[in-house]
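Structural features, examined
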Amino acid sequence: MTKSFSFTLNATDGKARTGVVATPRGDIRTPAFMPVGTAATVKAMMPESVRATGADILLGNTYHLMLRPTAERIDRLGGLHKFMNWDRPILTDSGGFQVMSLSDLRKMSEEGVRFKSHIDGSEHWLTPERSMEIQKLLGSDIVMCFDECPALPADRDRIASSMRLSMRWADRSRAAFGDRPGHALFGIQQGGLEQDLRGESAEALRAIGFEGYAVGGLAVGEGQQAMFGVLDYAPDMLPADKPRYLMGVGKPDDIVGAVARGIDMFDCVLPSRSGRTGQVFTRHGVVNIKNARHQDDPRPLDEACGCPACRNYSRAYLHHVFRSQEIISSMLLTWHNLHYYQELMQGIRDAIAEGRFAAFQDAFHAQRAEGDIPRL
Ligand SMILES: [Zn+2]
């Protein structure tokens, strides 16, 4: 169990890569999708069910956990893995992004961010040092640098000064992280949509040195075309022998396009959140289970899917429990969505390993373009 953290590339196909991130808590097959367990739970899912979908790693949110139940309490109770009954790898974000998006009355300085909790208005500090401390208390396997991510669109001066602040915070994060064998610290590239700023950021991160590198500051409202525009060059600026993580992305076609541009890791609330709002991801595109066309339909959501929602229940039943706001609706639809995402990742990994990722992409887009199966 004293295995160290490592990344092994097994195959590449164009810019797409497949490999394994090894950690003492288990291997992460890449490209990997990390379900989001915001408040020490992937909503509507038991941890063993999340694992059954094929997930190798979960994401936890520092901002939420530091406010409730607090990192100190989780530490006293044996750490986040034990607390939430997930013994495989966990990646935690730094809290930076959610401080910006959720908290009230933020006050930002070189030191860090002072803010008020969105839950009870209590005052808190987040600094690179405090973020490292919290992520250590949680017992996170992959720790993210504390950074600032400005919302887009923002002017170039704002993007540049924010990126440079984040690079100084990356340096402080590295120093505060210390020497923790078996645990990893990932740096986060910023720079918005500006190629030269992305390059400056990558250079600053490489000079510090990290076990992995994230492309940050995307999927914040810029649209897929602009995001792919950045991903055409940004991953290449990061070390090829370290995992590359695209934060907060995304829709299935975002993931496929980002893998084609050299990304190895993803996280997004979309499959779990959509499961609770009746949006279902299938090979044929998105199905809205709320739609009346499903109410007499005895067919499964997706006849080729092996998840419990598809194996054991009809569209008519899933429509009924969604309309009735039954809890099982969130459970089944989330399970299906997470299963779909993990099957997508397995398909991507197999295609890269077999050197047919271009054909995989064509088939993926063609099948989605067909749309949902014809109504009965
Ligand atoms: Zn299914």
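All values reported here derive from a predicted model rather than from experimental measurement.

For the protein, the count of helices and strands is 15 helices and 16 strands. Its C-alpha radius of gyration of 20 Å places the protein within 12% of the 21 Å reference for a compact globule of 376 residues. Over its C-alpha atoms, taken along the principal directions, the protein stretches across nearly 60 × 45 × 45 Å. Counting all 376 residues of the protein, 49% fall into the buried class. Taking the intrachain contacts of the protein between residues at least 6 apart in sequence as the baseline, contacts between residues at least 24 apart amount to 67%.

Okay, the packing of helix α11 (residues 270-277) against helix α14 (residues 327-353) next. Between α11 and α14, whose axes approach to 8 Å, the crossing angle comes to 150 degrees. Between α11 and α14, the crossing angle belongs to the class labelled roughly antiparallel. Handedness of the α11/α14 crossing: right-handed. Of the residues in α14, those touching α11 at Pro271, Ser272, Ser274, Gly275 and Arg276 are Ser330, Leu333, Thr334, Asn337, Leu338 and Tyr341. Looking at side-chain class alone, the contact of α11 with α14 contains four nonpolar, six polar and one charged residues.

Before going further, it helps to examine helix α8 (residues 195-208). The terminal C-alpha atoms of α8 lie 20 Å apart, and with 14 residues this matches the ideal 20 Å at 1.5 Å per residue to within 8%. Burial in α8 covers these residues: Leu197, Arg198, Ser201, Ala202 and Leu205. In a view along the axis of α8, the buried residues occupy a sector of 135 degrees, so they form one face of it. Exposed and facing more than 90 degrees away from the buried side of α8 are Asp196, Glu203 and Ala207. Contact partners of the buried residues in α8: α7 (156-177), β11 (184-189), β12 (212-215) and α9 (224-231). Looking at the residues trailing α8, positive phi occurs at glycine 209, about 95 degrees.

Before going further, it helps to spend a moment on the UniProt feature "binding site: substrate" (unreviewed entry) in the protein. When the UniProt feature table is mapped onto this chain numbering, "binding site: substrate" (unreviewed entry) sits at Asp93, Ser94, Gly95, Gly96, Phe97, Asp147, Gln190 and Gly217. Note that glycine 95 resides in the loop between β6 (90-92) and α5 (96-102). Setting aside residues no more than four positions away along its own chain, glycine 95 makes contact with Thr62, Tyr63, Met66, Leu126, Ser131 and Phe146. On the neighbour-count criterion, glycine 217 (32 C-beta atoms within 10 Å) is buried.

Before going further, it helps to spend a moment on the packing of helix α6 (residues 128-138) against α7. α7 packs onto α6 with a crossing angle of 40 degrees between their chain directions and a minimal axis gap of 8 Å. If you check the angle between α6 and α7, you find them oblique. When the axes of α6 and α7 are compared, the crossing they make is right-handed. In this structure, α6 uses Pro128, Glu129 and Met132 to contact α7, whose residues at the interface are Trp169, Arg172, Ser173, Ala176 and Phe177.

On to the sheet that holds β12, then. Ordered by their spatial adjacency, eight strands build an open sheet running β4-β14-β13-β12-β11-β10-β6-β5, and the pairing between neighbours is parallel. The sheet terminates laterally at β4 (32-34) and β5 (58-60), the two strands that pair on one side only. Within this sheet the neighbouring strands show an average axis-to-axis angle of 25 degrees, counted without direction. The sheet contact formed by strand β13 (residues 244-246) and strand β14 (residues 265-267) spans two bridges and is parallel.

Mapped onto the elements, serine 274 comes out in helix α11. In the structure, serine 274 is positioned 100 residues away from arginine 174 in sequence and 36 Å away in space, judged by C-alpha atoms. If near-sequence neighbours (up to four positions away) are discounted, serine 274 is found in contact with Gln279, Phe281 and Asn337.

Right, let's get into the environment of alanine 151. Of note, alanine 151 is situated in the loop between β10 (142-144) and α7. Counting along the chain gives 210 residues from alanine 151 to glutamine 361, while the straight-line C-alpha distance between them is 30 Å. Residues within four places of alanine 151 in sequence aside, it is in contact with Val220 and Gly221.

Criteria and thresholds
- Residues numbered from 1 in each chain as written.
- Predicted model: local features only at pLDDT ≥ 70, side-chain atom pairs only at ≥ 80, totals over all residues.
- Helix = DSSP H or I, 4+ residues; strand = E, 2+ residues; numbered from the N terminus.
- Rg over C-alpha atoms; globule rule 2.2 N^0.38 Å.
- Buried ≥ 20, exposed ≤ 12 C-beta atoms within 10 Å, placed from the backbone.
- Contact = placed C-beta atoms within 7 Å.
- Axes fitted to C-alpha atoms, helices over the stretch in contact; angles between N-to-C directions.
- Parallel < 35°, antiparallel > 145°, perpendicular 65-115°, else oblique.
- Left-handed = near helix turned anticlockwise from the far one by under 90°.
- Nonpolar A, V, L, I, M, F, W, Y, C, P; charged D, E, K, R; others polar.
- Expected span 1.5 Å × (residues − 1).
- Arc of directions from axis to C-beta.
- UniProt positions renumbered as here; feature names shortened; annotations may be inferred.
- Pairing = 2+ DSSP bridges.

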